[in-house]
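Here is how the chains run, residue by residue.
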Amino acid sequence: MAASVREKQAAALKRMLNFNAPPLKTTAAEPVWKVLIYDRFGQDIISPLLAVKELRDMGITLHLLLHSDRDPIPDVPAIYFIMPTEENIDRICQDLRNQLYESYYFNFISAISRSKLEDIASAALSANAVTQVTKVFDQYLNFITLEDDMFILCNQNKELISYHAINKPDIMDTDMETIMDTIVDSLFCFFVTLGAVPIIRCPRGNAAEMVAVKLDKKLRENLRDARNSLFTGDNMGTSQFSFQRPLFVLADRNLDLATPLHHTWTYQALIHDVLDFHLNRVSMDESVGSEASPAGARPKKKNKKSYDLTGADRFWQKHKGSPFPEVAESVQEELDAYRTQEDEVKRLKSIMGLEGEDEGAISSISMSDNTAKLTSAVSSLPELLEKKRLIDLHTNVATAVLDHIKSRKLDVYFEYEEKLMSKSTLDKSLLDIISDPDAGTPEDKIRLFLIFYITALQPPSETDLEQYRKALLDAGCDLSPLNYIKQWKAFSKIAAQPSNYGNSSVKPMGLFSRVMNSGSQFVMEGVKNLVLKQHNLPVTRILDNLMEMKSNPETDDYRYFDPKMLRGSESSIPRNKNPFQEAIVFVVGGGNYIEYQNLVDYTKARPGKKVLYGCSELFNAGQFLKQLSSLGQK
């Protein structure tokens, strides 16, 4: 299996931490002790990929933020991993003047300009520290990989390239250029790390097209410059795309505004929707024991607890895309399996204790037999404890998600929205849900209504709209997102294409039967056991057309760029007629775990194909609503 972009980015980081030499194979050698200095951007890139323990194994004794107060440590080398911004460069120059470390390895997350390099050089000269600046590297790592097949551009300053920033009505051309350059810079880094030059396809007349044109130009210029090209020689040999180049599909968020508002039913997407889930780390309030505190006592303070959901967690890898009821069931099964193992250890210990007393009675055979058993039990303890930690983690997270599902009736919302999106018959009126005080928060209601409004073939009549408005206001909803969606719908051509959400049908499987047994952690009463049928969301459908070279009015006029061609041809006619095996889909304006999961499911059904999902930022429905609402107030 070829290396994923996550492995490649991790390998690049490890090489950097080893002073840009390939890490040594021999583990016996003591690593060189060093400090790592990063800025917030560097921190966000490293934290989903390398744990503190891995850093320590690589000889990083101390990792500090660039802009914190750092004491001089005169006899260690320092590795810097930072963005080449003005303030960062100033701070580096200051470090050189103060002679903080023995030697300096400057690694810039994205390429540093000539003038800034000269600033560092003159600072080094005046500080008499030229010999200590050992190396300066451009790492081209300006993106964050969250999964083997998912990446985002940035987490710091993400409002600068958000949906809101790209779509605000009063945006100046210069601002738009800056946003596009930022996005292109990160995408360029992504392809350098991947070691592949893609074939680019994009729709016409929106932000995605601007990104495509700029990216094509940037890749082309780099390929022309034979001496310094980043796509030749050694780093191409290791490419995962050995025979065929990947397809790079740029999509615009405006193509589908319903999915980011959609209530979801799979584990990872639900966590992102209802909890605080950020760069693979979920933070939640820990509920302290529910026993009533004595009258007059201070209420117990809640502890913030955060868990990392990583690739090493097998349960997470297996179930992050499963429907929630299945997850609850699996957590329960794991818990039961763990308990039996735990009892086994206790039993062994007691056997040993008891049989030690009556020495005459035990033959030496049974003794050695038991010793072997106990040894194996003891050696499997760390593994058991790790298992226990993961089970506790998922029990806590799943319980927190379940509380939201039950208190907000998210299953009802999910089922109803799926019906709206697939244009199937509705069993109750939208007004009933909006005016039901027990169903969901005001935010849930406005999300449901916006999906109804976006997917409706013709907008509701003024009188109906007035009725909905009143009901929404009574429910305490902020209607400014609706103003924006109304303008958007008037401009967009999407409304003209009916039913472009595929025909998904959600089959309620009856209420949970297996989880309902008394021993279960999860009380699922009244929550519908919904099972998903695979259907393609708009983004997946576009990818499918372009990857399989299907002719479809939706994608026929997509532009085609091949940075390797000598002259950029203004065509939408693909040169290559064969279906692609590898593709990267990137959504300009933000993405979500629902689309990611949809692509993962799409790929699973097609052995041999690989699809990566990327987006300029990752938002959940609540964050997206905030952006729509500030657009609606303009």
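Residues numbered from 1 in each chain as written. Predicted model: local features only at pLDDT ≥ 70, side-chain atom pairs only at ≥ 80, totals over all residues. Heavy atoms only, no water.

Draft legend 1. Summary view of the overall build of the protein chain. Assigned secondary structure in the protein chain consists of 22 helices and 17 strands. Burial statistics for the protein chain: of 634 residues in total, 52% are counted as buried. A fraction of 79% describes how many contacts in the protein chain between residues 6 or more apart in sequence connect residues 24 or more apart. Roughly 30,000 Å² of accessible area belongs to the protein chain as shown, and the carbon and sulfur atoms make up 54% of that amount. (Helix = DSSP H or I, 4+ residues; strand = E, 2+ residues; numbered from the N terminus. Buried < 20%, exposed > 50% of the residue type's maximum accessible area, 1.4 Å probe, protein only. Contact = heavy atoms within 4.5 Å. Areas by Shrake-Rupley, 256 points an atom, 1.4 Å probe, with all protein chains shown as cover.)

Draft legend 2. How the structure looks around a negative patch on the surface. Together, E86, E87, D90 and D119 give the surface a local cluster of negative charge. Sort the elements by how many residues they give to the negative patch and helix 4 (residues 86-97) lands first, with three residues. Relative to the elements of secondary structure, E87 occurs in helix 4. (Patch = residues over 30% accessible without salt bridge, like charges linked within 9 Å, V, L, I, M, F, W, Y side chains within 5 Å. Salt bridge = Lys/Arg side-chain N within 4 Å of Asp/Glu carboxyl O. Lys, Arg positive; Asp, Glu negative; His and termini not counted. Charge placed at Lys NZ, Arg CZ, Asp CG, Glu CD.)

Draft legend 3. Expanded view of the side chain of S330. With respect to the secondary-structure elements, S330 resides in helix 12 (residues 324-355). A residue is classified by how much of its surface remains accessible, and S330, at 10% relative accessible area, is buried. At a separation of 3.4 Å, a polar atom in the side chain of S330 contacts the side chain of H319. Look past the residues within four positions of S330 in its chain and what remains in contact with it is F315 and H319. (Polar contact = N/O pair within 3.5 Å; in protein donor to acceptor, adjacent residues only side chain to side chain.)

Draft legend 4. The sheet that holds strand 3 (residues 73-82), seen in detail. Strands sit in the order 2-1-3-4-5 across an open sheet of five strands; the sheet is parallel. Of all strands in the sheet, those with a lone pairing partner are strand 2 (60-65) and strand 5 (133-138), marking the two edges. Sheet twist, expressed as the average angle between the axes of neighbouring strands with direction ignored, equals 20°. Sheet topology note: the strand 4 (residues 101-108)/strand 5 ladder contains five bridges and is parallel. Residue pairing in the sheet places Y105 in a bridge with K135 of strand 5. Where helix 4 meets the sheet, its contacts fall on strand 3, strand 4 and strand 5, and the angle it forms with strand 4 comes to roughly 165°. (Pairing = 2+ DSSP bridges. Axes fitted to C-alpha atoms, helices over the stretch in contact; angles between N-to-C directions.)

Draft legend 5. Structural context of the nonpolar core. In terms of nonpolar packing, the biggest core is built from 80 residues, with F81, I271 and V397 touching the most fellow members. When residues in this core are grouped by element, the largest group, eight residues, is from helix 14 (residues 381-408). For I271, the residues in contact, after removing those within four places along its chain, are F277, V282, L309, W316, V397 and V401. By size, the runner-up hydrophobic cluster in this structure holds 40 residues, among which are M180, I200, A207 and F586. (Core = buried A, V, L, I, M, F, W, Y, C linked by side-chain atoms within 4.5 Å.)

Draft legend 6. Examining the pattern of salt bridges more closely. What the rule picks out here adds up to 26 salt bridges. A salt bridge links K217 to E221; the nearest nitrogen and oxygen atoms lie 3.5 Å apart. Of the two residues, K217 and E221 are both situated in helix 8 (residues 207-224); the distance of four residues between them amounts to about one turn of the helix. In this structure, the salt-bridge partner of R447 is D273, at a minimum N-O distance of 2.9 Å. One end of the pair, R447, is in helix 17 (residues 442-455); the other, D273, is in helix 10 (residues 267-274), and 174 residues separate them in sequence. An identical accessibility class is assigned to R447 and D273; each is buried. Each of D273, R408, D444 and R447 takes part in salt bridges that share partners, so that together they form one network.

Draft legend 7. Inspection of helix 4 at higher detail. With 12 residues, helix 4 should cover 16 Å at 1.5 Å per step; its first-to-last C-alpha distance of 17 Å lies within 8% of that length. Among the residues making up helix 4, those that are buried are N88, I89, R91, I92, C93, D95 and L96. Looking at the buried side of helix 4, the elements it contacts are strand 3, strand 4, helix 5 (114-126) and strand 5. Looking one or two residues past helix 4, Q99 carries a phi angle of roughly 45°, positive in sign. (Expected span 1.5 Å × (residues − 1).)

Draft legend 8. Examining the sheet that holds strand 10 (residues 276-278) more closely. What the three strands build is an open sheet, ordered 10-11-12; its pairing is antiparallel. Both outer strands of the open sheet, strand 10 and strand 12 (303-308), are each paired with one neighbouring strand and no more. Taken pair by pair, the neighbouring strands of this sheet meet at an average axis angle of 25°, ignoring direction. Bridge analysis of strand 10 against strand 11 (residues 281-286) gives three bridges, and the strand direction is antiparallel.

Draft legend 9. Fine view of unusual backbone geometry. Phi angles above zero are rare outside glycine, and N20 is one such case at about 60°. For N20, the position within the fold is in the loop between helix 1 (5-17) and strand 1 (34-38). For N20, a relative accessible area of 17% corresponds to the buried category. Notably, Q99 is not glycine yet its phi reads approximately 45°, a positive angle.

Draft legend 10. Examining the packing of aromatic side chains more closely. Counted according to the given criterion, the structure contains 28 aromatic pairs. A ring pair is formed by F449 and Y453, whose centres lie 6.3 Å apart and whose planes are at 40°; its orientation type is tilted. Placement of both F449 and Y453 in helix 17 is noted, with a separation of four residues, approximately one turn of the helix. Relative accessible area serves as the criterion here: at 1%, F449 is assigned to the buried category. Overall, Y453 belongs to the buried group, its relative accessible area being 6%. (Phe/Tyr/Trp six-rings, centres within 6.5 Å; stacked < 30°, edge-to-face > 60°.)

Draft legend 11. Structural context of the side chain of N545. In this structure, N545 sits in helix 20 (residues 538-547). For N545, the residues in contact, after removing those within four places along its chain, are K550, N552, E554 and T555.

Draft legend 12. Inspection of the environment of V130 at higher detail. Among the secondary structure elements, V130 is positioned in the loop between helix 5 and strand 5. A relative accessible area of 46% means that V130 is categorised as partly exposed. A C-alpha to C-alpha distance of 9.8 Å links V130 and Y104, two positions 26 residues apart in sequence. Once residues within four sequence positions are removed from consideration, V130 is found in contact with A124 and L125.

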